[in-house]
Amino acid sequence: MKKMIKTTKIIDVTYLDENIRNLVEVYSKTRIKVGLTLAEKLKYIENNNLYKRLDEQSYPKFKNYTDSLGIPYRTIRELMGLYDAFVLTGKYTIDELTEVSYHKLKVIKTHL
């Protein structure tokens, strides 16, 4: 590995760095879009008690349903909180919010 580092040209490293930074930006935007879209759908399911229609015995409560999704309940609540704050209350579109990182949205939300 050490030999490879010495023989790698600065132009290659610069290109690799740019590529990584572009991927990080895409990842961040995708994470926000998917997360808020997921929150929108989960909010609809919760507000209309649709989880009970799937299987009331297995999902007597919304948390039982979300536990079956494999995503921590805390994460789901965070996403739904961001959706409430920025989309429903703030009237931003999900696409507009993809320009802001997940971390920044969480920080901003605490100051609303």
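Rules and cut-offs
- Residues numbered from 1 in each chain as written.
- Predicted model: local features only at pLDDT ≥ 70, side-chain atom pairs only at ≥ 80, totals over all residues.
- Heavy atoms only, no water.
- Phe/Tyr/Trp six-rings, centres within 6.5 Å; stacked < 30°, edge-to-face > 60°.
- Buried < 20%, exposed > 50% of the residue type's maximum accessible area, 1.4 Å probe, protein only.
- Lys NZ or Arg CZ within 6 Å of the ring centre and 35° of its normal.
- Axes fitted to C-alpha atoms, helices over the stretch in contact; angles between N-to-C directions.
- Helix = DSSP H or I, 4+ residues; strand = E, 2+ residues; numbered from the N terminus.
- Parallel < 35°, antiparallel > 145°, perpendicular 65-115°, else oblique.
- Contact = heavy atoms within 4.5 Å.
- Nonpolar A, V, L, I, M, F, W, Y, C, P; charged D, E, K, R; others polar.
- Salt bridge = Lys/Arg side-chain N within 4 Å of Asp/Glu carboxyl O.

Chemist: Got a minute to help me understand the packing of aromatic side chains in this structure?
Modeler: Describing an aromatic ring pair means giving the distance of the ring centres and the angle of the ring planes. As enumerated under the stated definition, the model contains three aromatic pairs in all. With a centroid separation of 5.4 Å and an interplanar angle of 85 degrees, the aromatic rings of tyrosine 59 and tyrosine 65 are classed as edge-to-face. Each of the two residues, tyrosine 59 as well as tyrosine 65, counts as buried. Connected via pairs of aromatic rings, a cluster forms that spans Tyr51, Tyr59, Phe62 and Tyr65. The positively charged end of arginine 31 is found above the aromatic ring belonging to tyrosine 102, 4.1 Å away from the centroid. Stacked on the ring of tyrosine 73, the Lys or Arg lysine 63 has its end atom at 5.3 Å from the ring centre.

Chemist: What's the story with the packing of helix H2 (residues 10–47) against helix H5 (residues 73–89) in this structure? I'm lost.
Modeler: Helix packing for two helices is described by the angle between their axes and how far apart those axes are. Two numbers describe how H2 lies on H5: the axes approach to 8 Å, and their chain directions differ by 95 degrees. Taken together, the axes of H2 and H5 lie roughly perpendicular to each other. Each of Gly35, Leu36, Leu38, Ala39, Glu40, Leu42, Lys43 and Glu46 in H2 lies in contact with H5, whose residues at this interface are Ile76, Arg77, Leu79, Met80, Leu82, Tyr83, Asp84 and Leu88. Tallied by class, the residues present in the contact of H2 with H5 amount to 10 nonpolar, one polar and five charged.

Chemist: Would you mind going over the pattern of salt bridges with me for this structure?
Modeler: Close approach of charged atoms allows side chains with opposite charge to pair. Scanning all chains against the criterion turns up nine salt bridges. Here glutamate 78 ties to lysine 106 by a salt bridge, and the two come within 3.7 Å at their closest N and O atoms. With glutamate 78 in helix H5 and lysine 106 in helix H7 (residues 102–110), the pair connects residues that are 28 residues apart, well separated along the chain. Owing to a relative accessible area of 33%, lysine 106 belongs among the partly exposed residues under this scheme.

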